[in-house]
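Chain by chain, the residues run as shown.
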Amino acid sequence: MSFYETVLRLEQLPYETLWKQYGTEDVKRALLKERLDEHDLQALLSPAAASCLEEMAQRAQQLTRSHFGHVMQLFTPMYLADFCVNHCTYCSFSSIYDFPRKKLGPEELRQEASVIAASGFRHLLVLTGESRKESPTSYVKDCVKILREYFSSVSIEVNPLSIEEYRDLMEAGVDGLTLYQEVYHQETYRKLHIKGPKRVYRNRLDAPERGCQAGFRSVNIGALLGMYDWRQEAFFTAMHARYLQDKYPECEIGLSAPRFRPYLGEFNPDSEVTDRALVQIILAYRLFLPRAGITLSTREPATLRDHLVHLGITKMSAGVSTEVGGHTQTGGTPQFEISDSRNVQEITDMLIANNLQPVFKDWDILTGDPA
Amino acid sequence: MSDPFVLGGISLTSRLFIGTGKYSRNTLIPEVVASSGSQVITVALRRVDPQSQENIMNHIPSQMTLLPNTSGARTAEEAVRIARLAKAAGLGNWVKIEVISDQKYLLPDNSETIRATEILAAEGFVVLPYMSPDLSAALRMKAAGAAAIMPLGAPIGSNRGLKTKEMLRILISEVDLPIIVDAGIGRPSEAAEAMEMGASAVLLNTAIATARDPLLMAEAFREAVSSGRKAYLAGLGPVEEAAVHSSPLTGFLN
């Protein structure tokens, strides 16, 4: 059993008529329920829910505060390497672009780590492009061994790996996995991923499940919103999260709602995701999955982020660079343009002004030598 | 009235234990301590960061008895590891064992908790296991060396009150250890009820931390816990279904 079987079932649904079946009464019924089912999720993502956003927000806010408190966990990404063998139409690291690629060596890594750690971060998300030659699992593992000296939690966002490789990285100190399907719609997936191992839809789709089986503490999934009809993509994402949560109750399943951002190339997404649509998606995620962490990235502009902190978000990135070595070096190529370029102090001040406690540390790496 | 609660060799006058995890700012902690009159405070080691100026420990008044908890542990081994790290970090030798292998409802795993209790009690910790109310599990925790048992009233963060009331009643009557109701209490009346039933103390976080006015709510809980305790000591009258004649069966003898 894999989520792929669910994908095949969900693909058969008549989406053109399905979204229109729901009325505001269906949305209101969903808001009163304890455990929402597939149909409630569809109602929350339907056009009818657009007129119920305030009621949805009230309930989402209440659920978030009772389960997570008045706190916001902060983390920052670190790009280790930008070598990539894939050609994905929406990404600056795509193999078709000719720019000087780089990867951090041990000394550069230490410099980058100490600058980031000095700004207060204890939770780090490390990223690479996909290159078994330049940034294989062994490279990531060596980096993590160094990084755990500086951080109390290290998560990875790298190409899909096997259970054994995931276990290997866990032993080195990695505790969380982030892996976005990018697009759940198979035909669009094939259109966007032109060359390289990333073309294999199913290998990517099953990777979060392999992460759960390997025993990561947290697994974070998401669709890159804007690549295909957002209602359908959000629906598949939430169903994927529910599938993982039901099957692997010991793992914290989280979601992100990244919107497409400008990058090196000319590709323009098919389906515009307005701010209202983004809010509806985040609220639907929270109501459908009350305990799931929801991450908001610096892809979103500062003013919007400031409002979204009250709508179900539990984790935010700050002080972000999407370049390899972007905290200590210049001249790199960003993977995509960020919108919210505020530094850690500015984000901290914003959270405090919004009556939220910024949380920098929420875990201790327990692997390695016993205390 | 002197009614100390002796736990782990410490004599406490307050029977309200509080948490630290959900406040909008850490500077609220000393204020909540003052309003609640609490003397025991639980803190997740995962949130403790000695390298940070904002370290939560800097906000906990020094007179408090610390109850580090193993939040985040999914197995007995992880709980043991976290407890040892807490001790090494100078947080004392009390520990609230929290082993949760279900991230959806956050219900405790009793069998892993029993194992962790055994290991940590043998190492000299004052062990307070957080558990799903179950008599045989509670008795095993007692045999393993627990200093008190901390059954949940309802799923954590749910504010639903004493949903497990019948089980709590059984634990209070059958387990010869203090019973501290932990998790689920949303209202002062529910805290009072737990105390009236004979619980030795209650532990709360969400109900205070997420109130519109946490300090006023802390005060409300302080009074409720104290009232409930007094009612328990005073001896509640039995509950009757209908009004009863004073002696319907033997009145003829008078």
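Parameters and conventions
- Residues numbered from 1 in each chain as written.
- Chains lettered and ligands numbered in written order.
- Predicted model: local features only at pLDDT ≥ 70, side-chain atom pairs only at ≥ 80, totals over all residues.
- Heavy atoms only, no water.
- Buried < 20%, exposed > 50% of the residue type's maximum accessible area, 1.4 Å probe, protein only.
- Helix = DSSP H or I, 4+ residues; strand = E, 2+ residues; numbered from the N terminus.
- 1 Å grid on protein atoms, 1.4 Å probe; cavity = no way out; pocket = protein on both sides within 12 Å on 5 of 7 lines; lining within 4 Å.
- Points joined across faces, edges and corners; volume = space filled by probe spheres on them.
- Nonpolar A, V, L, I, M, F, W, Y, C, P; charged D, E, K, R; others polar.
- Contact = heavy atoms within 4.5 Å.
- Buried area = accessible area lost by both parts, 1.4 Å probe.
- Salt bridge = Lys/Arg side-chain N within 4 Å of Asp/Glu carboxyl O.
- Polar contact = N/O pair within 3.5 Å; in protein donor to acceptor, adjacent residues only side chain to side chain.
- UniProt positions renumbered as here; feature names shortened; annotations may be inferred.
- Patch = residues over 30% accessible without salt bridge, like charges linked within 9 Å, V, L, I, M, F, W, Y side chains within 5 Å.
- Areas by Shrake-Rupley, 256 points an atom, 1.4 Å probe, with all protein chains shown as cover.

Details of the pairing of strand S5 (residues 65-69) of chain B
Taken across its five residues, S5 of chain B has five buried, putting it largely inside the fold. Side chains Thr65, Leu67 and Asn69 of chain B of S5 of chain B all project onto a buried face; the interleaved residues Leu66 and Pro68 of chain B project onto the opposite face, where all are buried too.

Focus on the layout of surface pockets
Estimates place the volume of the largest pocket at around 720 Å³. Together, 28 residues line the largest pocket, and Glu34, Leu63, His67 and Pro290 of chain A together with Arg160 of chain B are the ones closest to its centre. Listing elements by their share of the lining of the largest pocket, those giving two or more residues are helix H3 (24-32), helix H5 (53-68), helix H12 (230-247) and helix H13 (275-288) of chain A. A breakdown of the residues in the lining of the largest pocket according to their chemical character gives 10 nonpolar, nine polar and nine charged. Computed from the structure, the second largest pocket encloses a volume of approximately 600 Å³. Along the wall of the second largest pocket there are 25 residues; nearest its centre are Pro358 and Phe360 of chain A together with Ser52, Glu54 and Asn55 of chain B. Secondary-structure elements contributing two or more residues to the lining of the second largest pocket are helix H15 (344-353) and strand S11 (357-359) of chain A. Here the lining of the second largest pocket is composed, by residue class, of seven nonpolar, 12 polar and six charged.

Remarks on the interface of chain A and chain B
Facing 34 residues of chain A, the contacting portion of chain B comprises 32 residues. Taken together, the two surfaces of chain A and chain B that pack against each other cover about 2,900 Å², and 43% of this comes from carbon and sulfur. On the chain A side of the interface with chain B, the three residues burying the most area are Arg291, Gln357 and Leu366 of chain A, jointly 22% of the side's total. Across the chain A-chain B interface, the total number found is six salt bridges. Note that Asp362 of chain A and Arg46 of chain B form a salt bridge whose closest N and O atoms lie 3.1 Å from each other. The interface formed by chain A and chain B holds 24 residue pairs in polar contact (both at pLDDT 80 or more) in total. Among the secondary structure elements, those contributing two or more residues to the side of chain A that touches chain B are H5, H12 and S11 of chain A. With four residues, the top contributor of residues to the side of chain A that touches chain B is H5 of chain A. Residue composition of the side of chain A that touches chain B, by class: 11 nonpolar, 10 polar and 13 charged.

Regarding the environment of Gln103 of chain B
Looking at where Gln103 of chain B falls in the secondary structure, it is placed in the loop between strand S6 (94-97) and helix H3 (110-122). Measuring from C-alpha to C-alpha, the distance between Gln103 of chain B and Gly72 of chain B comes to 9.6 Å, with 31 residues separating the pair along the chain. With residues up to four places along the chain from it excluded, the contact list for Gln103 of chain B reads Pro249, Glu250, Cys251, Glu252 and Arg291 of chain A together with Arg74 of chain B.

Section: the UniProt feature "active site" (unreviewed entry) in chain B
All names here are of chain B. Summarizing the sequence annotation, UniProt attributes the feature "active site" (unreviewed entry) to Lys96 in the numbering used throughout. Here Lys96 lies in strand S6. For Lys96, the contacting residues outside a window of four places in its chain are Thr42, Leu67, Pro68, Asn69, Thr70, Leu128, Tyr130, Met150 and Asp182.

Some words on a nonpolar patch on the surface
All names here are of chain B. Together, Met1, Tyr232 and Leu233 make up a nonpolar patch on the protein surface, roughly 340 Å² of accessible area in all. As for its position among the elements, Tyr232 is in helix H8 (residues 214-234). Tyr232 sits in the partly exposed class, given a relative accessible area of 37%.

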